[in-house]
Amino acid sequence: MMEITLRKPVIKKLAVLAALVILSLLAFSLNAVAVTTDQNIDVTFLKADGSGTSMADAAVNGDASYSINDQTLTIPLKPIQVGPITGYVTGITVQLAGGPVTVSTAQTAPYTATTVSIPIPSGEVQDQAQFDVTFDIYMSTGSHGTADAIMNFDFVN
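Just so we're clear, the structure is a prediction, and the values are computed from it rather than from any experiment.

Student: Before we move on, could you go through the confidence of the model for the chain and cite the residues and values that matter?
Tutor: Averaged over all residues, the pLDDT of the chain equals 84, while 78% of them reach at least 70. Note that pLDDT drops below 50 for residues 25-31; the model gives that stretch one contact with residues more than four away or on any other chain.

As structure tokens, then:
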């Protein structure tokens, strides 16, 4: 009968390798864990090419909040002021893993503070998460347009 024995250096190498794999998996899982509680989130809208903030970022009126029960991100909005011209965001389309979600602002009159609520599954709400978005923007000059942007999340501690 043949007997196989492992030498101590091989066992040490395997133990170190196993420990590194476990630490790597743990570190990855900590970064990718979905939220389990309500969160305040600093939402920043960047230009689609990443070269700076989007025009729509001027409409964000403080921190957004995410409700774990409703799985909804609520963003406070204010009018956009560009020199003497005022505008407002009327709609946001967010590209989620399950497909695009289009929402409209909850305002009753143009150029007033309002909110927009976006349904986002909790599994997609992570610190440093980024979503492709499109905004509908109306300006007081009568012009209307859409702008592509990136919605970036930073959890507020």
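Having put the structure on the table, let's press on.
Student: Any chance you could break down the packing of aromatic side chains for me, citing the residues and the numbers?
Tutor: Taken as a whole, this structure holds four aromatic pairs when the rule is applied. When the ring of Phe 45 is compared with that of Phe 135, the centres are 4.7 Å apart and the planes differ by 90°; the resulting orientation is edge-to-face. Taken together, the residues Phe 45 in strand 1 (residues 39-47) and Phe 135 in strand 8 (residues 130-139) connect sequence positions 90 residues apart. Taking the centre distance of 5.9 Å and the plane angle of 20° together, the rings of Tyr 88 and Tyr 138 count as stacked. Within this pair, whereas Tyr 88 is found in strand 5 (residues 85-96), its partner Tyr 138 is found in strand 8, the two being separated by 50 residues in sequence. An aromatic cluster is built from Tyr 88, Tyr 111 and Tyr 138, whose rings are joined through pairwise contacts.

Student: So, the environment of Ile 85: which residues are in play, and what are the values?
Tutor: Position of Ile 85 among the secondary structure elements: in strand 5. Overall, Ile 85 belongs to the partly exposed group, its relative accessible area being 30%. Here the alpha-carbon distance between Ile 85 and Met 139, two residues 54 residues apart in the chain, equals 6.9 Å.

Student: Any details on the nonpolar core? Residues and values, ideally.
Tutor: One finds Leu 73, Ile 75, Val 89, Ile 120, Phe 135, Met 151 and Phe 153 to be the most contacted residues of the largest nonpolar core, which totals 32 residues. Listed by contribution, the elements that provide at least two residues to this core are strand 1, strand 2 (64-67), strand 3 (72-77), strand 5, strand 6 (99-104), strand 7 (114-119), strand 8 and strand 9 (144-155). Looking at this core element by element, the count peaks at five residues for strand 8. Apart from residues no more than four positions distant in its own chain, Val 89 is found in contact with Ala 56, Ala 59, Leu 77, Ile 80, Thr 105, Gln 107, Phe 135, Asp 136 and Ile 137.

Conventions we followed
- Residues numbered from 1 in each chain as written.
- Predicted model: local features only at pLDDT ≥ 70, side-chain atom pairs only at ≥ 80, totals over all residues.
- Heavy atoms only, no water.
- pLDDT = per-residue confidence, 0-100.
- Contact = heavy atoms within 4.5 Å.
- Phe/Tyr/Trp six-rings, centres within 6.5 Å; stacked < 30°, edge-to-face > 60°.
- Helix = DSSP H or I, 4+ residues; strand = E, 2+ residues; numbered from the N terminus.
- Buried < 20%, exposed > 50% of the residue type's maximum accessible area, 1.4 Å probe, protein only.
- Core = buried A, V, L, I, M, F, W, Y, C linked by side-chain atoms within 4.5 Å.

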